[in-house]
There are 2 protein chains.
Amino acid sequence: MAKQNITIPAGTRDFSPAEMTRRSYIFDTIRAVFRKYGYAPIETPAMENIESLTGKYGEEGDQLLFKILNSRPHEAREERKAKMREAFETSLKQSFNSDVLTEKALRYDLTVPFARYVVQHQHEITFPFRRFQIQPVWRGDRPAKGRYREFYQCDADVIGSNSLLNEVELVQIIDDVFTALQISTLIKINNRKILSGIAEVIGEKEKIIDITVAIDKLDKIGVDGVNQELQEKQIAAEAIAKLQPLISFTGDFEAKMQLLENLLSSSEIGKKGIEEIRFVFDTVQQLGLQTAAIELDITLARGLNYYTGAIFEVKANEGTLTSSICGGGRYDDLTGIFGLPGLSGVGISFGADRIYDVLNELNAYPESVGTTTTLLFTNFGGEDTAYALRMLQQVRRAGISAEIYPDTVKMDKQFKYADKKGIAFMAIVGESERQNQTVSLKNLKTREQEQLTLEALIQKLSQ
Amino acid sequence: MAKQNITIPAGTRDFSPAEMTRRSYIFDTIRAVFRKYGYAPIETPAMENIESLTGKYGEEGDQLLFKILNSRPHEAREERKAKMREAFETSLKQSFNSDVLTEKALRYDLTVPFARYVVQHQHEITFPFRRFQIQPVWRGDRPAKGRYREFYQCDADVIGSNSLLNEVELVQIIDDVFTALQISTLIKINNRKILSGIAEVIGEKEKIIDITVAIDKLDKIGVDGVNQELQEKQIAAEAIAKLQPLISFTGDFEAKMQLLENLLSSSEIGKKGIEEIRFVFDTVQQLGLQTAAIELDITLARGLNYYTGAIFEVKANEGTLTSSICGGGRYDDLTGIFGLPGLSGVGISFGADRIYDVLNELNAYPESVGTTTTLLFTNFGGEDTAYALRMLQQVRRAGISAEIYPDTVKMDKQFKYADKKGIAFMAIVGESERQNQTVSLKNLKTREQEQLTLEALIQKLSQ
C-alpha cells in the first residue's frame with residue numbers, strides 16, 4: 001500500500017502515555033473527591049436519539065451536533081428512498097435536520113443526557129440523586145487553540161433537593177479538588193434571583209437578559225463598553241444610572257451585601273436571592289475552605305436562561321489562562337424538557353482540558369505522575385533471562401510495575417529504552433547475580449548501583 | 001412540553017451507579033494488571049477519518065461503521081452541492097461511501113486506531129511499545145442479547161518486538177486478571193504457522209482459509225459437520241483423511257505435540273510453529289500460572305487472515321457463557337495498512353461486557369463493590385445540622401465517603417434513602433450527641449448502635 005498522509009479529524013487528539021498519566025491524575029483526583037462526597041457514577045451512551053438533543057442548545061448548538069447517518073440506505077423501500085431524497089434536498093438548503101437521514105447524534109454535553117437519564121429511570125432512582133459523570137462530549141465547533149471537537153466533561157449534580165446545603169457542598173468540592181491539584185483558585189458566586197431583582201428595581205424586568213449579557217462582559221469591555229451596550233439595547237438612561245453602583249461594585253462581601261440589601265429592598269425575588277447567597281457564604285465561611293477564596297460577583301451570568309438560583313464560576317489565580325476552569329449553578333426545571341417538571345437540581349462541571357493546560361503551564365504534577373514502569377530487568381538471554389523472568393514474576397506479584405526488555409539485545413539499547421520510557425530503576429541480572437541469587441539494582445537518576453536479594457529489592461521499591 | 005417516550009438508541013446502554021461500580025471494578029482490575037506489566041495507556045479519538053477505517057474490516061465491517069454526516073451542507077458552494085447530490089444517489093444504491101457526505105466515522109475497534117497511532121507517532125514512540133487502551137467502540141450490528149452497538153474493549157499490545165517472551169507475558173496477564181477477578185479460566189493457544197503447516201502437508205496449501213474456517217467450527221458442528229464442510233469446499237478426500245487425527249485430537253500437551261511433530265516433519269513453517277508453541281508452553285509452565293489452565297487447541301483460528309503466529313482465546317470454566325472472554329494473537333504486519341511495514345506485534349483484548357455478564361451470573365463481586373457512600377449523617381435542622389456539617393467535613397477529610405441528607409425531613413425518609421442507596425452506616429446527630437460532642441453510629445445491617453467520639457468514628461470507618 002502506498003504511504004498515506006496519516007491524520008486524525010481536526011479538533012480531535014491522540015493522548016500519548018505521558019499525556020494519559022497526567023490526565024488520569026486529574027480525572028482520578030476529581031473522581032475521588034466526588035466519591036468522598038457521596039456522588040455516585042453513571043454513564044450514558046455516546047449516541048442519543050437526535051430528538052433528545054435538538055432544540056436544547058439553541059439554534060447554534062443544533063448546528064454543532066455531530067449527526068450519525070442512518071445506515072444501509074440502499075436497503076430501504078422505494079417510498080422511504082423518496083422521503084430520503086426529499087430530506088436531502090431540504091438539507092442542502094438548511095442543514096441536516098431530518099430523522100429520515102439521521103436518527104442519532106453524539107452528545108453535546110453531559111447535562112441534557114443526564115436530564116434524559118433521570119426522566120427515563122425516575123422509578124429506579126433514589127432522590128435526592130447525587131450523581132457524577134466523567135465522559136467525552138463532541139461539538140462541531142471550528143477548532144482553535146484550546147477548543148476541541150472532542151473533550152471531556154466532569155460533572156457532579158444533585159437533583160431532587162432544594163436545600164442550599166447542596167450549594168455549600170459544591171463549593172467544598174471545588175475547594176477539595178483544587179486543593180488536591182495544588183491550584184490556587186477564586187470561586188465567584190452569584191444568584192440569578194439577585195439579577196432578576198436588579199432588573200426589577202431599575203424598572204427593566206423584561207430586559208433582564210440584555211442587562212445581564214451586557215454586565216457579564218464587564219471584564220472584557222469595561223464600564224463604558226457595558227453602558228454603551230445597555231444604551232444600544234434600549235435600556236432607559238435612568239435605569240442605566242441606577243445600575244452604576246453595581247457595575248463599579250467593590251469592597252468586601254459585607255459591603256456588597258449592604259449595597260444590594262439597600263437596592264433590592266423593594267424586590268421580593270431580589271431579597272430571596274440575597275438570603276440564599278448569605279446562607280451559602282456564611283455556611284461556607286463557618287466550615288472554612290482549605291485553599292480557595294470565594295467572592296460575590298454580581299456580573300456573573302453564565303447561561304442565564306438556564307440557571308434559576310446560585311451561579312458558580314472558578315478561575316485559577318496562577319498561570320495565564322483567563323477562562324474559567326469550573327462552573328455551574330442551580331436550575332429549577334432541567335427535566336421539564338423531557339416531560340418531568342418540578343425537579344430542582346444544582347451542579348458543577350470541571351473543565352478537564354483547561355485544568356490540564358493550567359497544570360502543564362505550572363508544571364504542578366506530583367513526581368510520581370508521568371512514569372508507567374518502576375523497574376526494567378535486563379535481558380541477557382539463556383539462563384540469565386530465565387532467572388530474570390522468575391525474579392520479575394515475584395516483583396510483579398508484590399504489586400510493583402516492572403518489565404523485562406523482551407529481546408536479547410545490547411545492554412546499551414536496553415538502557416536507552418529505560419531512559420526514554422522514564423523508568424527509574426534497572427535490575428541487572430547476569431551470571432554473577434544469578435549465582436549469588438541477587439539482583440544489581442541501578443538507580444537511573446543517581447547512577448548508584450547496589451546488590452540486593454529479591455526480598456530487599458521488593459522492600460526497597462514498595463516504599 | 002408534552003410527555004415524550006424517552007429512550008436511547010437500540011443497542012446502547014445507560015449504566016446506573018450499581019452497574020458502574022461493578023464495571024469500574026472490572027476495568028480497574030484489568031488496568032492495574034496492565035500497569036504492573038509495564039504497559040502504558042494511550043487514548044485515541046472516537047472519530048477517525050473515514051479512510052483510516054474503511055477497507056480494514058472487510059465489506060461487512062464497512063457496512064457496520066457509524067458514519068458522521070459532514071455538517072453545514074447548506075453552506076457548501078453549488079458545485080459541491082452537485083457532488084453531494086450525486087454521492088447521495090449512489091448511496092441509495094449501494095450505501096454511504098463517499099467522503100463528500102461523510103468524512104468521519106466512529107472507531108470499530110481499538111486495533112486499527114492503534115496501528116494508525118503507531119504510524120502517525122512513530123518518531124515519538126519508544127519501541128518495543130507496550131501499550132494498553134480501554135475505550136468504547138461502536139458497531140452498527142443488529143442489536144441482540146449480549147450484542148451491543150456501543151461496548152468497551154480493553155486491549156494490550158506489544159509492537160516492535162519478535163520475542164516470544166511477549167506471548168509468555170500475555171498469558172501471565174490473562175492469568176493475573178482472571179485470578180484477581182476470581183474467574184476460573186481455560187486459555188486455549190494455537191499458532192497460525194501450525195495451521196499453515198497442516199495445510200501444506202495435506203497438500204492443500206492454497207485452501208488454508210477454508211480448512212481452518214471449517215475446523216474452527218468443530219465445537220459447534222462436530223466432526224461429521226466439519227468433514228462435510230471440507231468436502232463442500234472441494235478439499236481432496238485424501239487430505240480430509242489426513243486431517244482426521246488432528247480433528248479428533250485428544251490427550252495432554254505432550255501427546256498432541258508428538259502427533260504434530262510427526263505430521264509436520266516435512267513442513268518448515270509447521271516446524272517453526274511447533275517450536276514457538278513449545279517455547280511459550282514450557283516457559284509458562286516453568287514460571288507457573290496461578291489459576292488458569294492452558295491448552296493447545298489446533299482448531300482455534302480467530303480471524304486467521306490477521307494473525308501470523310500465536311493465537312489465544314480464553315473461556316470461563318464457570319457460568320453458562322460459551323463465547324470467549326478474551327482473545328488475541330500475533331500479527332506481523334499490522335501497521336503495513338498505514339504504510340509502515342515490518343513491525344511485528346502481539347496483543348490481547350479483554351471483553352469487558354462478557355466478563356461483566358460472567359461475574360453477574362456468578363455473583364462473584366467483592367463485598368465492597370456496589371456501595372458508593374459509607375456514612376450518612378442525619379439532618380435534623382438548625383444547630384444539629386450545623387454540628388453535623390462540621391463532623392461530616394472531618395470525616396471526609398479523613399478520606400471516608402460520607403454525605404448528609406440535604407433536606408430536613410422525617411428521620412424515616414432519611415433512613416429509607418440510606419437503605420436504598422446501600423449506605424452501611426448512619427450517623428445520628430441530635431441534641432444529646434451535640435452536647436456530648438459525640439455521634440450515634442448505627443450499623444444499618446446489624447441495627448447495632450453506639451455512641452462514639454469523632455476520632456473513634458473515623459478510626460472505625462477507616463478500617
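Definitions and cut-offs
- Residues numbered from 1 in each chain as written.
- Chains lettered and ligands numbered in written order.
- Predicted model: local features only at pLDDT ≥ 70, side-chain atom pairs only at ≥ 80, totals over all residues.
- Heavy atoms only, no water.
- Domains from an automatic or database assignment.
- Least-squares fit on C-alpha atoms with pLDDT ≥ 70 in both.
- Contact = heavy atoms within 4.5 Å.
- Buried < 20%, exposed > 50% of the residue type's maximum accessible area, 1.4 Å probe, protein only.
- Helix = DSSP H or I, 4+ residues; strand = E, 2+ residues; numbered from the N terminus.
- Pairing = 2+ DSSP bridges.
- Phe/Tyr/Trp six-rings, centres within 6.5 Å; stacked < 30°, edge-to-face > 60°.
- Lys NZ or Arg CZ within 6 Å of the ring centre and 35° of its normal.

A. Molecular detail of the domain arrangement of chain A. One can read the domain layout of chain A as domain 1 (17–43 + 111–362) and domain 2 (375–462). Each of domain 1 of chain A and domain 2 of chain A was reduced to a C-alpha centroid, and the two centroids are 51 Å apart.

B. Up close: the relation of the copies chain B and chain A. Mapping chain B onto chain A is achieved by rotating through 180 degrees and translating by 0.0 Å along the same axis, at an RMSD of 0.0 Å. The operation mapping one copy onto its partner corresponds to a two-fold rotation axis. Every residue of chain B has its C-alpha some distance from the rotation axis, and the shortest such distance is that of I68 of chain B, at 2.2 Å. A share of 100% of the interface residues of chain B reappears at the interface of chain A, consistent with the copies meeting face to face through the same patch.

C. Highlighting the pairing of strand 6 (residues 150–159) of chain B. Residues and elements named next belong to chain B. Counting buried positions along strand 6 yields ten of ten residues, so the element is predominantly enclosed. By the alternation rule, side chains of strand 6 split into E150, Y152, C154, A156 and V158 and F151, Q153, D155, D157 and I159, which are all buried. Bridge count for strand 5 (residues 129–138) against strand 6 is ten bridges, and the pairing is antiparallel. Its bridge partner lying in strand 6, W138 is registered against E150.

D. Structural view of the packing of aromatic side chains. Enumeration over the complete set of coordinates arrives at 23 aromatic pairs over all chains. Ring centres 4.1 Å apart and planes at 5 degrees place the aromatic pair F88 of chain A and F88 of chain B in the stacked group. In this pair, F88 of chain A sits in helix 4 (residues 78–94) while F88 of chain B sits in helix 4 (residues 78–94), so the two residues belong to two different chains. For F88 of chain A, a relative accessible area of 3% gives the class buried. Geometrically, the ring pair formed by F253 of chain A and F281 of chain A is stacked, given 3.8 Å between the ring centres and 15 degrees between the ring planes. Separated by 28 residues along the polypeptide, F253 of chain A in helix 11 (residues 253–263) and F281 of chain A in helix 12 (residues 268–287) bring together distant segments of the chain. When its relative accessible area of 2% is taken as the criterion, F281 of chain A is described as buried. The rings of F34, Y39, F132, F178 and F350 of chain A are connected pair by pair, giving a single aromatic cluster. Across the ring face of Y148 of chain B, the terminal group of R13 of chain B is positioned such that the distance to the ring centre comes to 3.3 Å. Lying across the ring of F114 of chain B, R131 of chain B places its NZ or CZ 3.8 Å from the centre.

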